[in-house]
Amino acid sequence: MLRLSELQESARIAVDSLRVNLLRSILTTAGIVVGVVLVVLMGWTIGGLNAVWEQTIAIIGKDMLYIDKWDWTGGRNWRQIDARKDISLDQAMQLKSRMESAEYVIPLARKWGGSVVKGNTSLMCSITGTTADYANTSAATTLDGRFFSPTEEQSASRVVVIGHGVYKSLYPEGNAVGNILKINGSPFRIIGVLQKQGFLFMDFIDNQVFIPMMAFRAVHGFFDRSFSVGLKCGSEAMLDIVRTEAIGHMRAIRNVPPDADDDFSINEMKAFDQQAKNIRIGIWVVGMGLTILAFIVGSIGIMNIMYVSVTERTKEIGIRKAIGARRSSILAQFLIESALLCMAGALIAFPIAQGIVAGARFLAVDVLEQEWASVISPLIPLDLLGIAVAVSVVVGLLAGLLPALRASRLDPVEALRYEQ
Amino acid sequence: MSKAIIDIENLVKRYEMGDEEVYALRDVSLTIGSNEYLAIMGPSGSGKSTLMNMLGCLDTPTSGKYLFNGANVAEMDDDDLASIRNKEIGFVFQTFNLLPRATSLKNVELPLVYAGVSAEERTRRAMEALARVQLSDRVSHKPNELSGGQRQRVAIARAIVTAPSIILADEPTGNLDTKTGHDIMNLFSDLWKAGNTVILVTHEEDIAQHARRIIRLRDGRIESDTVNNNHA
């Protein structure tokens, strides 16, 4: 067993050795620095994505179910789904009158490949007709103005609430409310602008405009159209209850035989979880690959410099052995030196990684004005620092093992005879 | 002669250099008792360095018996040897072999570090040893701030700090001028008079004359083993 006094001596020698060869030590740790920076950046990026994803889901609504002819996960047989009968407005209204567990039942009519025209500028976006109840969903939160009222809905007023993407494209200078947009030739007055909701592959959510259901019929018609029904459940805990009730009503309304599958889908935001997960896995795989590569290169550098250190100190090892240092003392001395070297690399890496993180966030939020990025932490999480230090120490111990073993096994007679 | 510290019988050390076998020691038998003052002499190639390495437990014999305080050194592993070197043997080298970046005090403390002595006790004993070599005023100097004679005295303090059974000095005056060498030899005589066992390894006749017993080696064998009555 190593005695405490020996360990202290080993640590003292190691620190001393690093201090004497400061520049050499710093240069040697370059690979480790890169590795630790990558680990930390990867962890931060994944953490940031999670935060943004959580935010997106929260805004669009964790407590929302959407009954639709189409299935969001896209996993099922496309032909089978295409063969489903459209959901009519009448069926949607029947469901609304029967549902008891949902807070709001909101019929939706969508034209995906629609467009809005501002003066001479035309913008592709989806047009959604809905009821005033939509105003009660978290997705209807406005940045400016308001959602349309029940009165406007019932009178089929030509008013429009535009998504954040449409707003940014057509009114980059702001002040959209009060302006007129033409939808299929009819003028609509902008009364509200929605807040930013989606990011990455969910961007399309912001590229849509909302108009009263009857105004939708006037401009795009209901012919050959399948309606969706949004169900606001009130809380995540209610999702299952509302889903079960909705399935029962929908099967009854659409006369689905008891032994047949549902001829509709119940969609929710969770459907997109898998895609978000895939992105995270992608970042993780690429990040880990780069990190491992950097650590391999880094540990070769460390091993090399440790061999140099052992050779340089052959005489010293001989002296120490002559006066009673055992193999384990010498081994510990060089392992500690190597581990400290890597830890120093980790310590150098932290401010660099923090700088990159702060810079990236500043760029996204303040320069590119991507407000959604503001939920991403500007600081490296502490547990990542702990992991990075632990990993670098392990790498140091592994890289230093062979040189330290060689030092510990030096023949004292030979070592004492060694002259530089 | 009092109780034997070192008891060597038919010691052989053979090196293999390629296909050739080289005998550094052939059949050496030797007993060294407590509080002896012994010089091992011989020209280069006589095997005296090899014998010193054996006596100092830095190396193990090819065959033969080596008892150190009754323990069989030939059968010991590396860590046992390290422990014997640490507790029982104090080395003094021709080139001093101090750690260049450590102060006198730290250098003298080093054997106690490997013996697991507490920091406080280490400092106390190292200060004591430095006082015995009259270097109390140089404790925080590093080797490059000391003269050759002072460095060798630090090395002697390091050798005696663990109160070893033997002090083993290999050409201790080889790198010193005559006057300083004389002072160092007086120090060894003082240590011997204080009860220590001192073994000198040298090729210089006038250095060997300080000892009370002189062993002469030639071609790996003991040529003569005499009591020195006209010591310096």
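Everything that follows concerns the structure shown earlier in this document.
The sections below set out a description of the structure shown in this document. Remember, it's a predicted structure, so these values are computed and weren't measured experimentally. (Residues numbered from 1 in each chain as written. Chains lettered and ligands numbered in written order. Predicted model: local features only at pLDDT ≥ 70, side-chain atom pairs only at ≥ 80, totals over all residues. Heavy atoms only, no water.)

**Quick look at the packing of helix H3 (residues 104-115) of chain B against helix H5 (residues 148-160) of chain B**
All names here are of chain B.
- Across the interface, H3 lies against H5 with an axial gap of 7 Å and an inter-helix angle of 30°. Relative to H5, H3 is oriented roughly parallel. The handedness of the crossing between H3 and H5 comes out as right-handed. Contact with H3, carried on its side by Ser 104, Asn 107, Val 108 and Pro 111, involves Val 154, Ala 157 and Arg 158 of H5 and no other residues of that element.
- Its residues assigned to classes, the contact of H3 with H5 shows four nonpolar, two polar and one charged. (Axes fitted to C-alpha atoms, helices over the stretch in contact; angles between N-to-C directions. Helix = DSSP H or I, 4+ residues; strand = E, 2+ residues; numbered from the N terminus. Parallel < 35°, antiparallel > 145°, perpendicular 65-115°, else oblique. Left-handed = near helix turned anticlockwise from the far one by under 90°. Contact = heavy atoms within 4.5 Å. Nonpolar A, V, L, I, M, F, W, Y, C, P; charged D, E, K, R; others polar.)

**Quick look at the sheet that holds strand S2 (residues 20-33) of chain B**
Residues and elements named next belong to chain B.
- Strand order in the open sheet formed by four strands is S2-S1-S4-S5, and the pairing between neighbours is antiparallel. Only two strands of the sheet have a single partner each, and these edge strands are S2 and strand S5 (71-72).
- Here 10 bridges tie strand S1 (residues 4-17) to S2, and the two strands are oriented antiparallel to one another. Each bridged residue has a counterpart across the sheet, and for Asp 7 the counterpart in S2 is Thr 31.
- Contacts from helix H1 (residues 48-55) reach S1, S2 and strand S4 (63-68), with the element oriented near 125° to S1. (Pairing = 2+ DSSP bridges.)

**Some words on the sheet that holds strand S7 (residues 166-170) of chain B**
Residues and elements named next belong to chain B.
- Strand order in the open sheet formed by six strands is S6-S7-S8-S3-S9-S10, and the pairing between neighbours is mixed. Looking along the sheet, the strands with just one partner apiece sit at the ends: strand S6 (89-92) and strand S10 (221-227). Within this sheet the neighbouring strands show an average axis-to-axis angle of 20°, counted without direction.
- Note: strand S3 (residues 37-41) against strand S8 (residues 197-202), five bridges, orientation parallel. Residue pairing across strands places Ile 40 opposite Val 201, the latter belonging to S8.

**Thoughts on the interface of chain B and chain A**
- At the interface, 24 residues of chain B touch 24 residues of chain A.
- Surface buried jointly by chain B and chain A totals about 2200 Å² across both partners, of which 58% is contributed by carbon and sulfur atoms.
- Linking chain B with chain A are two salt bridges.
- For the pair chain B and chain A, the number of links is eight residue pairs in polar contact (both at pLDDT 80 or more).
- Those elements that place two or more of their residues in the side of chain B that touches chain A are helix H2 (78-88) and H3 of chain B. (Buried area = accessible area lost by both parts, 1.4 Å probe. Salt bridge = Lys/Arg side-chain N within 4 Å of Asp/Glu carboxyl O. Polar contact = N/O pair within 3.5 Å; in protein donor to acceptor, adjacent residues only side chain to side chain.)

No statement about biological role is implied by the geometric values presented.
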